[in-house]
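Residue-level structural notes
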Amino acid sequence: MSVLLHDGRRAGHLSWLRESLAAGLADGAVLNAFFTPQVAVPRNPSAADIIAELRGQAPAGQSPEILFDSATWAATLPGTDLWATYGSWPLWPRRVRSDLSDAGAVADHVRAVFDIQRSLGVPLLAPTVTADTAAGTQARLALDIAAEAKRQEPDCLLTICGINTFWRAGPALDRYVGQLARLRPAGWYVIPLRDRAGYPADMTDSNATAGWLRTIHSLALRNRVIAAHTDHLGVAAAVAGASTVGTGWDQAQRACSGDAFRDGGGGTNVNYSPHPGLLARFTETVARGLRDLQPAFAEAMRWGEPIPTDMRAHRVQHFQALREQFDTICNAGPTPSARAAFLRNVFTGADIAWDYAIGLGAADITAVEKATWFDGLRAGFELYALAEGI
Amino acid sequence: MVEFYELVAAQIGVTDLAPLRPSGQKRVFLARRGSEQVVLKAVEILPPHQATVLERANREVGLLSRVAAKSDRRIVAVRSGLALVGDPATPTAVGWLEEYLDGNDLTDLLVSPWAQADALDLLSGLAEALKYLHDEEVVHRDLSPGNVRKRGDGLWTLLDPGLARHLSELSITGLYQPGTPGFRSPEQVPGGEPQPYSDIFGAGILVYLALTGHYPIDPRGAEDDYAKRLVEQQAPPVKTFRPDLDDDFAAVIDRCLSRQPARRYLDADELLDALRALGGSPATSLPRGTAP
């Protein structure tokens, strides 16, 4: 059970990473080729420097887990144009960015990714492309890349990245996941790429949520699953068997979309006050509004924490709440059914609390917010759980 | 009028043809070549599928020759090359010889629910045989009772990998190969792509049927409905029908029949590991039970 912090486009976040790891709020980091450069630039240290620093500050024998995500899944998206940092990495030996046009090009790119990861001394995490369906050309290409990665490095981690139409593909998704499973990697790095930027992630497609959870469930029966860019949805991912969840301080780290890789995109960054009792994060204004109406209830929903008053407190509270929520589910039992029973209790409590909060009449705590933070997650989870018989 | 299989028999040099159970598009005969009893398989090649039938026959004989030789009698052996009737470029029939197996087809043994030990013996035997195919990256794709035989000495042997496909070879186009109704995997619906774990599902069906008398996924009714059930329904746990089974053995069977392929044993090697973990060493050293 661990929490990894994704990096993001905001410069100067090494100190935040360092602080979070030192405080035990996170267990490691995922560096992304779009956001962490190969060579240091002002306010943006190099990947090698970040890794050295994070490892250097760790107590003896407790080296943080650090991954380098080549983010080929983002580089090959239409509309991606945030190349300044990405371009510093020698990811395309043929010097044609996103060239995966034949087996040789795929092999060259995979080799380049692994070479970089070896040079950084991090685990080998295979590249992939974003799948839009479970039986289309992108999915086939992703399978070919995975097979090539496994051929080159049998102990690598494989990446799966898909948008909602991929995760909602039902039996076709299951067949596809079966083919991936045959490759028997050391573990899985699973990215639910959101169709829209923003936080919380859009959860209106229950079938997509169910497919994402079902896939984690299938893969976790064999290997470790890292639920990347998952944030507070980690409570459901933990039921399905994910042992690691990815998050961060900015919206694009917590819920990833193609927008994060476009100039001017990435969503707005807001300081949220965690309300784990409602499975939600509120802006400071909304949090204060709820507190003013019913202080004791609001404090209970914040699990006793004060409303954070600065960015640092916001980060600390968020990671604390996330870790506690995630660990609580994981500790409910080793099986999905045990964890699901526990999460259902959490849902029941949150449902009642939401209705009470809405009844208080606070601004921006309405059925709309409940649907955004709670109902979508619960509906997707229940669809998954129903199919699993748990 | 001379039948096509008689022409094949003459071409290949066998006599005394006695019909056996047909297998797919093939006519199958017990035959004699000198003093040896053999099985003749003959296929008439009709338009428009000449190329497909010829390729399939070539593939079946090629596969059998390659795999059977090292399978320790778990895959039926080939006793001849491919014999073509007519112009070799556009033959009208094709045939080959296989070893004659004594014993019984699994079909004949599925008369009443089996004891657990016998079912374990069957599953172990199937896994041992499939291992030789899967090690070669070959998928059998038609594990039906008519393609499984228990030899007189109790050894389970696989027949007729006529639908088998080497995973690195392109699939034949123009002729859909769904396998036998009742014995298909979820990957054997249109759009699916059978893999070694599809054979694991097939092995699970056979053992489930032997133990319970029920198909795990009901094949009755329209093809489309059956296909839908295959991809959407999870088979009832085998203990639904056989609560007397050991939990661990039942769990192995249920896992073979997982709707999601990633949750099954991915190939025969994994299944064999699971069977070993049950406490016995599969197949080769298991006491062979006597099927009912």
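Residues numbered from 1 in each chain as written. Chains lettered and ligands numbered in written order. Predicted model: local features only at pLDDT ≥ 70, side-chain atom pairs only at ≥ 80, totals over all residues. Heavy atoms only, no water.

In terms of helices and strands, chain A carries 16 helices and nine strands. Taking 21 Å as the expected radius of gyration for a compact globule of 390 residues, we find that chain A reaches 20 Å, a close match to that expectation. Reported as C-alpha extents along the three principal axes, the dimensions of chain A are approximately 65 × 50 × 40 Å. Per-residue burial for chain A yields a buried fraction of 58% across its 390 residues. Taking as baseline every contact in chain A between residues at least 6 positions apart, the subset at least 24 positions apart corresponds to 70%. Surface accessibility of chain A: about 14,100 Å² in total, with carbon and sulfur atoms responsible for 53%. Computed over 35 positive and 39 negative side-chain charges, the separation of the two mean positions in chain A equals 4 Å. (Helix = DSSP H or I, 4+ residues; strand = E, 2+ residues; numbered from the N terminus. Rg over C-alpha atoms; globule rule 2.2 N^0.38 Å. Buried < 20%, exposed > 50% of the residue type's maximum accessible area, 1.4 Å probe, protein only. Contact = heavy atoms within 4.5 Å. Areas by Shrake-Rupley, 256 points an atom, 1.4 Å probe, with all protein chains shown as cover. Lys, Arg positive; Asp, Glu negative; His and termini not counted. Charge placed at Lys NZ, Arg CZ, Asp CG, Glu CD.)

Moving on: the confidence of the model for chain B. Residues and elements named next belong to chain B. With 88% of its residues at a pLDDT of 70 or more, chain B has an overall mean of 87. Segment residues 168–176: pLDDT under 50, and 17 contacts once partners within four positions in sequence are set aside and those in other chains are kept. Within the model, pLDDT remains below 50 along residues 283–292, and this stretch shows 29 contacts once partners closer than five positions in the same chain are excluded. The ipTM for the predicted assembly is 0.91, set against a pTM of 0.92. (pLDDT = per-residue confidence, 0-100.)

Here we come to the nonpolar core. In terms of nonpolar packing, the biggest core is built from 134 residues, with A:Phe34, A:Trp73, A:Phe282 and A:Phe381 touching the most fellow members. The residues touching A:Trp73, leaving out its near neighbours within four places in the chain, are A:Asn32, A:Thr128, A:Val129, A:Thr130, A:Cys161, A:Ile191, A:Leu193, A:His229, A:Cys256 and A:Phe261. By size, the runner-up hydrophobic cluster in this structure holds 66 residues, among which are B:Val78, B:Leu130, B:Trp156 and B:Leu275. (Core = buried A, V, L, I, M, F, W, Y, C linked by side-chain atoms within 4.5 Å.)

Attention shifts here to the interface of chain A and chain B. With 16 residues of chain A at the interface, the matching set in chain B holds 24 residues. Where chain A abuts chain B, roughly 1,600 Å² becomes buried across the two surfaces, and 45% of that area is made up of carbon and sulfur atoms. Linking chain A to chain B there are seven salt bridges. With a closest N to O distance of 3.1 Å, A:Asp174 and B:Arg259 form a salt bridge. One can count 13 residue pairs in polar contact (both at pLDDT 80 or more) joining chain A with chain B. (Buried area = accessible area lost by both parts, 1.4 Å probe. Salt bridge = Lys/Arg side-chain N within 4 Å of Asp/Glu carboxyl O. Polar contact = N/O pair within 3.5 Å; in protein donor to acceptor, adjacent residues only side chain to side chain.)

Okay, the sheet that holds strand 2 (residues 27–33) of chain B next. Residues and elements named next belong to chain B. Taking strand neighbours across the sheet as the criterion, the five strands line up as 1-2-3-5-4 in an open arrangement whose pairing is antiparallel. The sheet is open, and its two borders are formed by strand 1 (15–19) and strand 4 (83–85), each paired with just one other strand. Taking the axes of each pair of neighbouring strands and ignoring which way they run, one obtains an average angle of 30 degrees across the sheet. Looking at chain direction, strand 2 and strand 3 (residues 36–44) are connected through seven bridges and run antiparallel. Bridging from a neighbouring strand, Leu30 pairs with Val39 of strand 3. Contacts between helix 1 (residues 4–12) and the sheet are confined to strand 1, strand 2, strand 3, strand 4 and strand 5 (93–99), with strand 3 contributing the most and set at about 130 degrees to the helix. Here helix 2 (residues 50–68) sits on the sheet in contact with strand 3, strand 4 and strand 5, set at roughly 20 degrees to strand 5. (Pairing = 2+ DSSP bridges. Axes fitted to C-alpha atoms, helices over the stretch in contact; angles between N-to-C directions.)

Residues and elements named next belong to chain A. Here helix 5 (residues 103–120) is 18 residues long and its end C-alpha atoms lie 26 Å apart, about the 26 Å a rise of 1.5 Å per residue gives. Buried within helix 5 we find Ala105, Val106, Ala107, His109, Val110, Ala112, Val113, Phe114, Ile116, Gln117 and Leu120. The elements touched by buried residues of helix 5 are helix 2 (47–57), strand 3 (65–69), helix 3 (72–75) and helix 6 (137–152). At the N-terminal end of helix 5, a side-chain oxygen is found 3.0 Å from the backbone nitrogen of Gly104, two or three residues along, and the residue is Asp102. Looking one or two residues beyond helix 5, the residue adopting positive phi is Gly121, at roughly 70 degrees. (Expected span 1.5 Å × (residues − 1).)

This next bit is on the sheet that holds strand 5 (residues 187–192) of chain A. Residues and elements named next belong to chain A. Read from one edge to the other, the open sheet built from seven strands follows the order 3-2-1-7-6-5-4, with strand pairing classed as parallel. The open sheet has two edge strands with one neighbour each: strand 3 and strand 4 (157–162). When strand polarity is set aside, the average angle formed by the axes of neighbouring strands in this sheet is 20 degrees. Alignment of strand 1 (residues 2–6) against strand 2 (residues 28–32), held across three bridges, turns out to be parallel. Residue His6 lies in a different strand from strand 2, and its bridge partner there is Val30. Against the sheet, helix 2 touches strand 2 and strand 3, its axis set at about 180 degrees to strand 2.

Another point: the packing of aromatic side chains. The tally for this structure, following the rule as stated, stands at 25 aromatic pairs over all chains. Ring geometry for A:Phe34 against A:Phe35: centres 6.5 Å apart, planes inclined by 50 degrees, an arrangement best described as tilted. Per residue, the accessibility class of A:Phe34 equals that of A:Phe35, and both read buried. Ring plane angle 80 degrees and centroid distance 6.2 Å describe the contact between B:Tyr208 and B:Phe241, whose orientation is recorded as edge-to-face. Remark: B:Phe241 occurs in the loop between helix 6 (223–232) and helix 7 (247–256) and B:Tyr208 occurs in helix 5 (residues 196–212); sequence separation between them is 33 residues. The buried category is assigned to B:Tyr208, whose relative accessible area is 0%. A network of ring pairs unites the aromatic residues A:Phe34, A:Phe35, A:Trp73, A:Trp83, A:Tyr86 and A:Phe261 as a single cluster. (Phe/Tyr/Trp six-rings, centres within 6.5 Å; stacked < 30°, edge-to-face > 60°.)

What follows is about unusual backbone geometry. Across the junction of A:Tyr199 and A:Pro200, the peptide omega takes the value 5 degrees, indicating a cis bond. A positive phi is found at A:Arg95, a non-glycine position, where the angle reads about 65 degrees. Position of A:Arg95 among the secondary structure elements: in the loop between helix 4 (83–86) and helix 5. Phi angles above zero are rare outside glycine, and B:Glu137 is one such case at about 60 degrees. Within the secondary structure layout, B:Glu137 lies in the loop between helix 4 (116–135) and strand 7 (138–139).

Below, the discussion takes up the pairing of strand 8 (residues 272–275) of chain A. Burial of the side chains of strand 8 of chain A extends over both faces: A:Tyr272 and A:Pro274 are buried on one face and A:Ser273 and A:His275 on the other. Here strand 8 of chain A hands over to strand 9 (residues 280–283) of chain A after four residues, with A:Leu279 in that stretch at a positive phi of 55 degrees.

Mapped onto the elements, B:Val148 comes out in strand 8 (residues 148–150). The buried category is assigned to B:Val148, whose relative accessible area is 0%.

Residues and elements named next belong to chain A. Along the chain, Ala22 falls in helix 1 (residues 14–22). The exposed category is assigned to Ala22, whose relative accessible area is 62%. Ala22 sits 26 residues away from Ala48 along the chain, and the two C-alpha atoms are 19 Å apart.

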